[in-house]
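# Structural description and commentary
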Amino acid sequence: MKKIILTLAGFISLLTTQAQNWSLDASHSNVTFTVDYMVVSELEGTFKKYSGDFTSSKPDFSDLKANFNVEINSVNTDNEMRDNHLKSDDFFNAEKYPQMKFKSTSMKKVSDKKYVMEGDLTIRDITKKVKFDVTYGGLVNDPWGNTKAGFKASAKINRKDFGLKYNDAVETGGLVAGEEVAININTVLVKQK
């Protein structure tokens, strides 16, 4: 009898820790970036096309795994000439390297709704470890019966580490485009049924 109970407990434990798949609700998510412009200001931009898949077996998302892809050709800074420059070989070379990719390797809870997600970021076929500070916004059921979870993630990278080496200088000696880039990703995930 004890063996049956242990087997049953193990089976229930297996069911409750089974990974849950989540998809990206792209219409309620966004990917933005900010970089210093000509020393005196900041330039903001977005990427309009991206996709991702996510899995987690823990209800607090402390084991969340993420695969996230961004389409470089979807970059938008509200200036077509600048967008084309960003797509050129001075920066992303969208023709040769059409996607920026992130694959998480760990998710650590640091407080109630704060996490650090570490993973591999690939731009122009150069892969570097990056840490995102993540805030969990909570879980909600929408009017159509979907379970959704919200997250905000932010990181800072040096664009030159990824081969984005354009470096024209202004007369004061600073760069037209700063080296440090702030990345912000707001996501809404939908639990797969």
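The shown structure was predicted, so the numbers you read here are calculated from the model rather than taken from an experiment.

Scoring rules and cut-offs
- Residues numbered from 1 in each chain as written.
- Predicted model: local features only at pLDDT ≥ 70, side-chain atom pairs only at ≥ 80, totals over all residues.
- Heavy atoms only, no water.
- Phe/Tyr/Trp six-rings, centres within 6.5 Å; stacked < 30°, edge-to-face > 60°.
- Helix = DSSP H or I, 4+ residues; strand = E, 2+ residues; numbered from the N terminus.
- Buried < 20%, exposed > 50% of the residue type's maximum accessible area, 1.4 Å probe, protein only.
- Pairing = 2+ DSSP bridges.
- Patch = residues over 30% accessible without salt bridge, like charges linked within 9 Å, V, L, I, M, F, W, Y side chains within 5 Å.
- Areas by Shrake-Rupley, 256 points an atom, 1.4 Å probe, with all protein chains shown as cover.
- Salt bridge = Lys/Arg side-chain N within 4 Å of Asp/Glu carboxyl O.
- Lys, Arg positive; Asp, Glu negative; His and termini not counted.
- Charge placed at Lys NZ, Arg CZ, Asp CG, Glu CD.
- Core = buried A, V, L, I, M, F, W, Y, C linked by side-chain atoms within 4.5 Å.
- Contact = heavy atoms within 4.5 Å.
- Polar contact = N/O pair within 3.5 Å; in protein donor to acceptor, adjacent residues only side chain to side chain.

## Overview of the packing of aromatic side chains
To describe a pair of aromatic rings, one takes the distance between the centres and the angle between the planes. Throughout the structure, instances matching the rule amount to 8 aromatic pairs. Aromatic side chains Phe61 and Tyr136 sit 5.2 Å apart centroid to centroid with 55° between the ring planes, which places their arrangement in the tilted category. In this pair, Phe61 sits in the loop between strand E4 (50-56) and strand E5 (65-71) while Tyr136 sits in strand E9 (residues 126-141), placing the two residues 75 residues apart along the sequence. Of the two residues, Phe61 and Tyr136, both sit in the buried class. With 5.1 Å between their ring centres and 75° between their planes, Phe102 and Phe132 make a pair best called edge-to-face. You can see Phe102 sitting in strand E7 (residues 99-109) and its partner Phe132 sitting in strand E9, a full 30 residues away along the chain. Each member of the pair, Phe102 as well as Phe132, carries the same accessibility label: buried.

## Structural notes on the pairing of strand E10 (residues 147-158)
Bridging between E9 and E10 involves 8 bridges; their strand directions are antiparallel. Note that in E10 the partner of Asn141 across the bridge is Thr147. Hairpin connection between E9 and E10: a loop of 5 residues separates the two successive antiparallel strands, and Gly145 in this loop has a positive phi of roughly 85°.

## So, a negative patch on the surface
Side chains of Asp36, Glu42, Glu44 and Glu180 sit close together on the surface and give a patch of like negative charge. Along the polypeptide, Glu42 turns up in strand E3 (residues 41-47).

## Section: the nonpolar core
Note that soluble globular proteins tend to have their nonpolar side chains buried in a common cluster. In terms of nonpolar packing, the biggest core is built from 43 residues, with Phe47, Phe68, Leu121 and Phe132 touching the most fellow members. Top element by residues in this core is E10. It accounts for 5 residues. Setting aside chain neighbours within four positions, we find Phe132 in contact with Phe102, Tyr115, Val116, Met117, Ala153, Ser154, Ala155, Ile183 and Ile185.

## Describing the environment of Ala19
Note on placement: Ala19 falls in the loop between helix H1 (2-16) and strand E1 (20-24). Sequence separation of Ala19 and Leu64 is 45 residues, and the distance between their C-alpha atoms is 9.4 Å. Among residues more than four places away in sequence, those in contact with Ala19 are Ser56 and Ser57.

## Considering the pattern of salt bridges
A complete count under the given rule lists 6 salt bridges for this structure. Residue Asp120 is joined to Lys129 by a salt bridge in which the shortest nitrogen-to-oxygen separation is 3.1 Å. On the accessibility criterion, Asp120 (25% relative accessible area) is partly exposed. Overlapping salt bridges bring together Asp25, Asp142 and Lys148 as one network.

## Re the side chain of Ser29
In this fold, Ser29 is placed in the loop between E1 and strand E2 (30-37). Here the side chain of Ser29 touches Asp25 through a polar contact of 2.8 Å, landing on its backbone oxygen. Among all residues touching Ser29, those that are not within four sequence positions of it are Leu24, Tyr50, Asn186, Thr187 and Val188.

## A word on the pairing of E9
Relative to E9, strand E8 (residues 114-123) runs antiparallel, the two being bridged by 10 bridges. Bridge pairing in E9 links Asp120 to Lys129. Taken together, E8 and the strand that follows it, E9, pair antiparallel across an intervening segment of 2 residues, in which Arg124 is found at a positive phi of about 55°.

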